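# Coordinate analysis (summary)
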Amino acid sequence: MTDDATAAGVVHLSFDGYAIQAEKGASLLQAWIASGLPLTENAGCMGQGVCGACRVLLRRPGERLPGTALACETPAEEGMQVSFVDHFPARRPHAYDLHGVTDSWAVLDEVDRTFPEAKNCRHCSGCDRACPKGIEVQRMVNLASVGQTFAAAELFDACVLCNLCVAACPEHIDPAHLGQFVRRISASMTLRPSDLIMRLREIEEGLQPIDPDAPGANPKVPT
Amino acid sequence: MTAGIPLAQALANWRACAPAEPRPCGLPVAELLRGFHPDQRPGAMVPLLVGISAGQRAPAELAALLQADSLVDDIDLAGAPLLEADVLVIGGGGAGCVAALTAARAGARVLLVTKLRIGDSNTVMAEGGIQAAVGEDDSLQRHFEDTLRAGHFLADKSLVAALVSDGPAAIRWLIQEGMSFDLADEGRRMGGTLLRKKPGGASAARLLSYRDFTGLELMRALREAVLLQPGITLLDRHPALELLSDDRGRCAGAALHDLARGRTVLARAGATVLATGGSGRLHLLGFPTSNHYGATADGLVLAYRLGAPLREVDSFQFHPTGMAWPGHLEGQLVSESARSSGAMLVNGLGQRFVEELQPRDVVAAAILREIAEGRGILRDGRAGVFLDTPTLERGKPGILAGSLVTLSHLAHRAGIDPASEPFLIRPTLHYQNGGLVIDPAGRTPVPGLLAAGEVTGGLHGSNRMMGNALLELVAFGRRAGEAAILDARVERPRNVGLTHLADWRRALTVQGLPLSRKAPMIFPPYGNFNAATDRGKAA
Amino acid sequence: MTAVLTAEAVRVGPDLEAWLAVGGGGGLRRALAEPEAIIPVIEAAGLRGLGGAGFPTHRKWAAVAAQPRPAKGGKWVICNGNEDEPGTFKDRFLLSETPHQVIEGALIGALAVGASTIVLYVNPREAAAVRVLKQAAQAWAKHSLLAECAAFLGSPLRLDVVEGSGLYVGGEETAAVASVMGGFPFPSLKPPFPAEAGVNGAPTLLNNVETFAHVPHILREGAEWYRALGLGAAVGTKLYSLSGDVLRPGLHEMPMGTSLRQLVFAHGGGMLAQKAFKAVFTGGPSNTLLTAADLDVALDFDSLRERGSRLGTGAMIVVGEGTSILRKTAEYVAFFAANSCGQCPPCKIGTHQVARILERIENGAGRPGDLEALENLSKMLPGSGRCGLLDGAATVLSSSLHAFRAEYEAALARQSSGQVNLGAA
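Residues numbered from 1 in each chain as written. Chains lettered and ligands numbered in written order. Predicted model: local features only at pLDDT ≥ 70, side-chain atom pairs only at ≥ 80, totals over all residues. Heavy atoms only, no water.

Most peptide bonds are trans, and most residues other than glycine sit at a negative phi. Residues and elements named next belong to chain B. Residue Pro19 is reached from Ala18 by a cis peptide bond, and omega for that bond is -10 degrees. Examined against the element boundaries, Pro19 turns out to sit in the loop between helix H1 (7–17) and helix H2 (29–36). The omega torsion across Ala519 and Pro520 is 10 degrees, close enough to zero to call that bond cis. Within the element layout of this structure, Pro520 appears in the segment after helix H16 (499–510). A positive phi angle, near 55 degrees, is found at Arg237, a position not held by glycine. (Helix = DSSP H or I, 4+ residues; strand = E, 2+ residues; numbered from the N terminus.)

Next up on the list: the domain arrangement of chain B. Much of the literature gives interface size as the accessible area that the parts lose upon coming together. Residue and element names in this part refer to chain B. Domain assignment breaks chain B into domain 1 (5–36 + 319–429) and domain 2 (74–315 + 433–488). In this structure, domain 1 and domain 2 have C-alpha centres spaced 31 Å apart. Taken together, the contact pairs 18 residues of domain 1 with 18 residues of domain 2. The largest per-residue losses of area from domain 1 upon contact with domain 2 belong to Arg360, Thr406 and Leu429, which jointly make up 38% of the total buried on that side. Applying the counting rule to domain 1 against domain 2 returns 0 salt bridges. Our enumeration of links across domain 1 and domain 2 arrives at 8 residue pairs in polar contact (both at pLDDT 80 or more). Put simply, the parts of the chain that give the side of domain 1 that touches domain 2 at least two residues each are helix H11 (360–372), helix H14 (405–414) and strand S17 (423–432). (Domains from an automatic or database assignment. Contact = heavy atoms within 4.5 Å. Buried area = accessible area lost by both parts, 1.4 Å probe. Salt bridge = Lys/Arg side-chain N within 4 Å of Asp/Glu carboxyl O. Polar contact = N/O pair within 3.5 Å; in protein donor to acceptor, adjacent residues only side chain to side chain.)

Turning to the pairing of strand S5 (residues 237–244) of chain C, a few remarks are in order. All names here are of chain C. Here S5 lies mainly inside the structure; 7 of its 8 residues are buried. With 6 bridges joining them, S5 and strand S6 (residues 250–255) adopt antiparallel strand pairing. Following the sheet pairing, Ser241 is matched in S6 by Leu251. The antiparallel pairing of S5 with S6 creates a hairpin that spans 5 residues between the two strands. Pairing analysis gives 4 bridges linking S5 to strand S9 (residues 315–320), with the strands arranged parallel. Looking across to S9, one finds that Gly244 is bridged to Val318. (Buried < 20%, exposed > 50% of the residue type's maximum accessible area, 1.4 Å probe, protein only. Pairing = 2+ DSSP bridges.)

With that out of the way, let us pick up the sheet that holds strand S12 (residues 310–311) of chain B. All names here are of chain B. Across the sheet, which stays open at both edges, the 3 strands sit in the order S12-S18-S20 with mixed pairing between neighbours. Lying at the two open borders of the sheet, with one neighbouring strand each, are S12 and strand S20 (456–457). The pairing of strand S18 (residues 435–437) with S20 spans 2 bridges and is classified as parallel. Looking across to S20, one finds that Val437 is bridged to Gly457.

We now examine the interface of chain A and chain B. Contact with chain A, which involves 64 residues of that partner, is made by 71 residues of chain B. Of the roughly 5,500 Å² buried between chain A and chain B, counting both surfaces, carbon and sulfur atoms make up 54%. Counting the surface chain A buries against chain B, the share from its top three residues, A:Thr40, A:Leu191 and A:Ile210, is 12%. Where chain A meets chain B, there are 4 salt bridges. The partner of A:Arg184 in a salt bridge is B:Glu177, and the shortest N-O contact between them spans 3.6 Å. At the junction of chain A and chain B, the tally comes to 41 residue pairs in polar contact (both at pLDDT 80 or more). Every element with two or more residues in the side of chain A that touches chain B is listed here: helix H2 (28–34), helix H8 (175–190) and helix H9 (194–204) of chain A. Looking at the side of chain A that touches chain B element by element, the count peaks at 8 residues for H8(A). Here the side of chain A that touches chain B is built from residues that sort into 34 nonpolar, 20 polar and 10 charged. (Nonpolar A, V, L, I, M, F, W, Y, C, P; charged D, E, K, R; others polar.)

Relative to the assigned elements, A:Ser14 resides in strand S1 (residues 10–15). Side chain to side chain, A:Ser14 and C:Asn376 meet in a polar contact 3.1 Å long. The residues contacting A:Ser14, other than those within four sequence positions of it, are A:Met80, A:Gln81, A:Val82 and C:Asn376.

Residue and element names in this part refer to chain C. Under the domain assignment, chain C is made up of domain 1 (8–228), domain 2 (230–320) and domain 3 (325–418). In this structure, domain 1 and domain 2 have C-alpha centres spaced 26 Å apart. In this complex, domain 1 contributes 22 residues to the contact, which on the side of domain 2 involves 25 residues. A combined buried area of about 1,700 Å² lies between domain 1 and domain 2, and 57% of that area is made up of carbon and sulfur atoms. On the surface where domain 1 and domain 2 come into contact, there are 2 salt bridges. Glu210 is the salt-bridge partner of Lys238, the closest N and O atoms lying 2.7 Å from each other. Here domain 1 and domain 2 share 9 residue pairs in polar contact (both at pLDDT 80 or more) between them. Looking at the side of domain 1 that touches domain 2, the elements with two or more residues in it are helix H5 (91–97), helix H10 (209–221) and helix H11 (223–229). Considering each element in turn, the side of domain 1 that touches domain 2 owes the most residues, 3 residues, to H11.

Here you go:
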């Protein structure tokens, strides 16, 4: 495309201190790449919005408050100020043995033991505001702390593990990891599909042989 | 520029004909593939000139990397910090995590290294689901035969048998790791049945899923499991530059690059598992891709240089429906669930031209044929065909908002209303069907070197079935993890270094191939990081 | 130099009788005699908020006085003793060694604005201050002077000691109000200001401990006397908290407008270990740095503003050669990141991101583009929080980058492995 053709569709923004241009409609991540800047982290699914790698703080002109976003799914706009945000792991490992929790009566005890900070939630809502997927993080934390495991797990359905809530939490609750705990324990402790169980039995009893010479396993011989 | 029908005319034709009548393809499958599948394009593939698989054909871009020189020299290893492990896993996606967990739980000291973050992979992007023969109406034999048939009977039967046999156990393993699955009746968590769909080419419904982001759900659970597993040391931002060998040709670990500090780090291990994923970001044959940023065939390059043979590296899966417009979404996947729900493919004349639920290679070839023969649609310099979502919505009101949520989200980002305007789609480079030769335990013929996941070959023949890739990660991740710990205990490498490079360089020289070209690529060219020249400083 | 707040004579601790014996109560009596003259006297004296903002005190008092008295509960006075910033240690001195100056000042303030509750808001970490303040308040509760105040106000007058949260953010005025009300000290957006709507929505006068401490002296000795204490156009005295690489750190009460050179070399004993003067974190860690070129600046509100800096709490953290500005800045940004209350992600995440970048530069893992990324953040973040914490962090960052960029660049060039930086331009 010629310069004339693109001039009308070009926006200017500042990204990590670099003044860059972008095609109208391009994502922030594409704008970064197109400007020739190196990209050796903060990239992943390149637009699907599902891996949480391309975290940014972003301020639109005239807005008082920068927000958080995923650069690969945010269109570049004129005058934006953008900064990449690092991946913030949990400050300390919240160690639990998923397979070791065998008594479902003890799940809430496990939450208290592994995520003791959750009870100190100060209800600042920073996690909610930081989440680029609009998850009700704070409510999830509060529900998990009172044993409402399924409800908490459901709220965290859309999490892409960007860990922005981990960076945002002043009490170091590390909500993303608590969210994964309630999701994982919900599945590992209660999901028991009968068709799967029956098929596993059959296999164990040798009732599902595989015959590599069966006609269906070989190309048709022309007659 | 390809000839085609301008958008306005094409839309008019579409409106006039919708709902379009089914039309037969008009070409036998073999001829369609031969004439229009990208792998079959004249000149697309070149024979490899060096290495253990010399004579095999591969796309020119991949062949160039496979036949390039190493990024490192022996002198780069001197003074490099050293890490030791029993098992080194290279790649932090599904297969890598499964392998690392398996080995660590069997008592190995595991080092898991990844060039981006753990979880950044093609795995996390998978939408459709994972196959396992759990249905009453289904059997391992049927899964076995469906897989072989879809791959045109080119796959290794022992590998396919291993894959399908492990299916149900893999699902159980995933549930025990905390992964959720959709149920036929969500109210029946104990004793209900899994929700099963029929993927293209299957004779039974066996595609299990979690909403339309099965890969994310899988990766989330595995990522947490790895972070919490004692015995696994995780190194993000450490791509592998070269495998280490010993004086008997055994794989002894890898030379890694610490991106944050701009320095080389050595990882010595009794056994190494390559789980480096695919090659979509090489944009083979000039195609856009649905793949993850890191899919640059690094593992193939490293293993080949050490003497690991390849198979079917001339076979790539082009997902029929990648976004063709707008430019900034080019290559992004439009999920097969649209077609399996009934959406039709329509050319610029308003006609259907293929049965939509044929295997992916057939559908992709058919679309490329329409475009090549001038019946495609042109918009802003891009060519494609229509995915008729408006007719789907008319026939099943509410389906877009109800079950095709990710699709609607994608349409919104493209600036179109899927209920009134069809998508413009074109095949996108999606999956590497072939790769490293492995046995059912995940071992390559090179001692001490194993592999799992998309980097391996022999499972999918020349066309992968939907849902077998996620199964492969778990089945072969576990097998490779188990075999790795055995191999690590058998014997330790001796005189570790880069002894394999000398022979490699001699081979390149004899064939007249330039030593100036270096591989692996690590990041695609538009990542603006040249692995050969930019390694000396922090990135 | 006349010590006013720190004079030996007034350091009587909680002993109210001793305070009254050295002239205490005189200011309060003047106020009771001519209540309508209180605010004009404060105005004439030129007293400004000494907790950091430098806002003209009389204007704040007038704003609260002008508000109608609420139907229920009355107006409030909060004496802000939260003091929790590195390098500032004046309020704890006043509260633990000479609380009555502060209390009397607050009483005068209550008379001026018509308040019926005075809260002595104190940091629970300062055990001595808490203990002394409680004793002092009890002494006033039994004294006839308090009853006279209540009589004038036409309602009972309560004098409560309230322990805050012990958190840095609790020093911000809206956060102090929230804390006094029993909740977490979350700052909130202004307007409305506490003067219009503070505790329980009632008009609330909030001033720093040091500000109140001057008030009884001003009322007793007069505005002229107070003005004459300062140097040049500045008025009164100031408690400078001097710390860092000096021989005599500590609290120094000096005329407002004393030069930096005087403070450091004449009264602070000069630089420690004969290190050259490198810089001073002016007003504490949330302001700009001044360098040796600024040694003659007068340490008052207006002179410092003209120099592109701020007086803040009057804390002066001195840095000599041999102390790393990069490391100190990283330390302070980490302090702000840890103390961000969490409400505003740009603050919490922004300060953590800055801290991350500084940390890796400090640890030899800095990369090209890091300084640009820091400057970008220091430009895009200010103005986006509910309080000034984020702005303070951004200010100290951009000031240190501006004045000591060479230190940052040297750290970037150094790599922890000792390898030569192949990519250096």
